[in-house]
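Letter by letter, the chains look like this.
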Amino acid sequence: MIVSKLRPLVVSSVLRTLSYGDGVSILPRQLHRVESHRSNSSAALVGRDFLSLKHLSTNEIEQLLWTAADLKSRIKDKKEVFQPLLGKSLGMIFEKRSTRTRLSTETGFALLGGHPSFLTTSDIHLGVNESLRDTAKVLSGFCDIVLARVYKHSDLEQLSEHGTIPIVNGLSDLYHPLQILADFLTLQEHFGSLKRLKIAWVGDGNNNVTHSFLMGAPKLGMHLRIASPSVSTRH
């Protein structure tokens, strides 16, 4: 795991882009064209879910990284007050506790003017007492966007299926896309570019982080090599 100081900016980038874009009002589930400042191409991200990097194009991932870098420059370096999410509400579902993810999410959304609402297993039980379908409808009625840190990726997919607001994966058993975006931003700042970088991963090659790494690295022109124990000898 690379330094987590960039997480608030990456979380801010994802939440802002999916729910707001560049000067576009929130219209859940409708895709707007977001002008990319890196090129003349545009990325249709507004209103979409962010469950993994699988369905994001190279331009769309680069748009998120550019937005994160832009927010860092404006908010952290220039001390600019920039609140495009003023009056918007974020529902945060945390089945798995995490100091860094909670702080980065709450900090990032608040910096952009939004109001985060933290929900633990004491407040909400996915699939218990009420169905995931009903939970998705309740969240859609009160929130503008939801970030969920869950045990089962299928729970995110059901929230996405039955909800009418963007669902962001804060971690699941299959993917951890926000972590990898933060790592990509760190590498980009350090090396200047991600293209043609050679990355060696030594350790568990079958977890949510490596799954996200494998999805994102090729799209950004990176060469990823993984050295991992075989499944038969790991235990």
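Residues numbered from 1 in each chain as written. Predicted model: local features only at pLDDT ≥ 70, side-chain atom pairs only at ≥ 80, totals over all residues. Heavy atoms only, no water.

**Some details on the overall build of the protein chain**
A count of helices and strands for the protein chain gives eight helices and eight strands. With 235 residues in all, the protein chain has 52% of them scored as buried. A separation of at least 24 residues holds for 67% of the contacts in the protein chain among residues at least 6 apart in sequence. (Helix = DSSP H or I, 4+ residues; strand = E, 2+ residues; numbered from the N terminus. Buried < 20%, exposed > 50% of the residue type's maximum accessible area, 1.4 Å probe, protein only. Contact = heavy atoms within 4.5 Å.)

**Observations regarding the sheet that holds strand β6 (residues 167-171)**
Ordered in space as β4-β3-β5-β6, the four strands form an open sheet in which the pairing is parallel. The open sheet is flanked by β4 (115-119) and β6, the only strands paired with a single partner. In this sheet, neighbouring strand axes are inclined to one another by 20° on average, regardless of whether the strands run parallel or antiparallel. Examined bridge by bridge, strand β5 (residues 145-149) and β6 share four bridges and lie parallel to one another. Within β6, the position partnered with Leu 147 by the bridge is Val 168. (Pairing = 2+ DSSP bridges. Axes fitted to C-alpha atoms, helices over the stretch in contact; angles between N-to-C directions.)

**Considering the pattern of salt bridges**
Under the counting rule described, the total for this entry stands at five salt bridges. As a salt-bridge pair, Glu 60 and Arg 48 come within 2.8 Å of each other at their nearest N and O atoms. Placement of the pair is Glu 60 in helix α2 (residues 58-77) and Arg 48 in the loop between β2 (42-43) and α2, with a sequence separation of twelve residues. For Glu 60, a relative accessible area of 8% gives the class buried. (Salt bridge = Lys/Arg side-chain N within 4 Å of Asp/Glu carboxyl O.)

**Thoughts on the packing of aromatic side chains**
Describing an aromatic ring pair means giving the distance of the ring centres and the angle of the ring planes. On inspection of all chains with the given rule, the structure shows three aromatic pairs. Among the aromatic residues, ring-to-ring pairing joins Phe 184, Trp 201 and Phe 213 into one connected group. Directly above the ring of Phe 82 sits Arg 74, whose terminal nitrogen or CZ lies 4.1 Å from the centroid. The aromatic ring of Phe 118 is capped on one face by Arg 102, whose charged end is 3.7 Å from the ring centroid. (Phe/Tyr/Trp six-rings, centres within 6.5 Å; stacked < 30°, edge-to-face > 60°. Lys NZ or Arg CZ within 6 Å of the ring centre and 35° of its normal.)

**Description of the nonpolar core**
In terms of nonpolar packing, the biggest core is built from 45 residues, with Phe 50, Leu 53, Val 168, Leu 181, Phe 184, Phe 213 and Met 222 touching the most fellow members. For this core, the secondary-structure elements that each account for two or more residues are α1 (7-19), α2, β3 (89-94), β5, α6 (177-191), β7 (198-202) and α7 (208-216). The dominant element in this core, judged by the number of residues it contributes, is α6, at seven residues. Apart from residues no more than four positions distant in its own chain, Val 168 is found in contact with Val 14, Leu 15, Leu 18, Phe 50, Ile 145, Val 146, Leu 147, Ala 148 and Leu 178. Core analysis: the second largest hydrophobic core is formed by 15 residues, Leu 139, Cys 143, Leu 159 and Ile 167 among them. (Core = buried A, V, L, I, M, F, W, Y, C linked by side-chain atoms within 4.5 Å.)

**Details of the pairing of β4**
Examined bridge by bridge, β3 and β4 share five bridges and lie parallel to one another. Within the sheet, the bridge partner assigned to Gly 91 lies in β4 and is Ser 117. After leaving β3, the chain enters helix α3 (residues 99-111) and then returns to the sheet as β4, a path that is right-handed. (Right-handed = clockwise from strand over helix to strand, strands pointing away.)

**Some thoughts on the confidence of the model for the protein chain**
Considering every residue of the protein chain, the mean pLDDT works out to 84; 82% of them sit at 70 or more. Taken as a whole, residues 23-43 scores under 50 in pLDDT and shows 49 contacts with residues more than four places along the chain or in a different chain. (pLDDT = per-residue confidence, 0-100.)

**Points about the environment of Val 168**
Relative to the assigned elements, Val 168 resides in strand β6. In this structure Val 168 comes out as buried when scored by relative accessible area, which is 1%.

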